[in-house]
Amino acid sequence: MSKLTHLGEDGAARMVDVGGKPATTRLAVASGRIAMSAEALAAIRAGDAPKGDVLGTARVAGIMAAKRTGELIPLCHPLGLEAVSVEFAFEEDGATNAIRATATASLTGRTGVEMEAMVAVSNALLTIYDMAKAIDKAMEIGEVRLVEKRGGKSGDWKAPAL
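Residues numbered from 1 in each chain as written. Predicted model: local features only at pLDDT ≥ 70, side-chain atom pairs only at ≥ 80, totals over all residues. Heavy atoms only, no water.

A.B. asks: Any chance you could explain the overall build of the protein chain here in plain terms?
C.D. replies: For the protein chain, the count of helices and strands is 4 helices and 5 strands. Helices (α) and strands (β) of the protein chain occur, in sequence order from the N terminus, as β-α-α-α-β-β-α-β-β. With the principal axes as the frame, the protein chain shows a C-alpha extent of 50 × 30 × 30 Å. Residue burial in the protein chain is summarised as follows: out of 162 residues, 37% are buried. Counting only contacts in the protein chain whose residues sit at least 6 apart along the sequence, the fraction spanning at least 24 positions is 70%. Surface summary for the protein chain: the accessible area is close to 9000 Å², and the carbon and sulfur share equals 56%. Once the 19 positive and 20 negative side-chain charges of the protein chain are each reduced to a mean point, those two points are 5 Å apart. (Helix = DSSP H or I, 4+ residues; strand = E, 2+ residues; numbered from the N terminus. Buried < 20%, exposed > 50% of the residue type's maximum accessible area, 1.4 Å probe, protein only. Contact = heavy atoms within 4.5 Å. Areas by Shrake-Rupley, 256 points an atom, 1.4 Å probe, with all protein chains shown as cover. Lys, Arg positive; Asp, Glu negative; His and termini not counted. Charge placed at Lys NZ, Arg CZ, Asp CG, Glu CD.)

A.B. asks: For this particular structure, what's the right way to read helix α2 (residues 54-67)?
C.D. replies: Structural remark: α-helix, 3.6 residues per turn; residues separated by three or four positions point the same way. When the terminal C-alpha atoms of α2 are compared, their 20 Å separation across 14 residues agrees well with the 20 Å that a helix rising 1.5 Å per residue should span. Among the residues making up α2, those that are buried are Val 54, Leu 55, Ala 58, Ala 61, Gly 62, Ala 65 and Ala 66. Relative to the axis of α2, the buried residues are bounded by an arc of 130° and lie together on one face. Turning to α2, the residues buried within the fold contact α1 (38-46), α3 (69-72), β2 (83-92), β3 (97-109) and α4 (114-132). (Expected span 1.5 Å × (residues − 1). Arc of directions from axis to C-beta.)

Below, the structure written as C-alpha cells:
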C-alpha cells in the first residue's frame, strides 16, 4: 500500500475520500517573494506602475485564485473557504529589492487549506509580475512555501525558519 494519499492500491491517481472525516477548524499560511529592480519596487510602492494599483490588484487575484484552487489543482477538493487574506511586505537590504506575499486561508471542514494558501501566494506574485513587467522583465519569483498549518488529523505544523 502506498503512503501517498492520492494514489489508489493500483497506483492510479485518485481524489482522497474525506467523507468520513470530522469537520475541524483548519488554517494555512503560505509565503513567497518576488525580487525586482529598485526602480520597479519604487514604482509599486508609490503607486506609479503603468498598470495601476499593483498590490491591490495582486491581493484580489490571490483571493480569487484561492477560491478556485479545486479547479486548478487536479486532485484538490473544491472548498467553501471562510476567509482568505493576502498581505504584502517590502524587503530592501541594499542589494535586494523584493516584495513578500503572505496568504492565510481558513475554514471549518474535512480537509486542509494548504493548497489554497499556496495558490493564493503564487497567483498574487504572478500578478505583481504581470503588472510591473513593463518596468522590470527580470523579476524573479521564489520561496513559495507553506509556513504554517493548523487543524486536522496531522495537527499543527510550522516550517523551520529560512
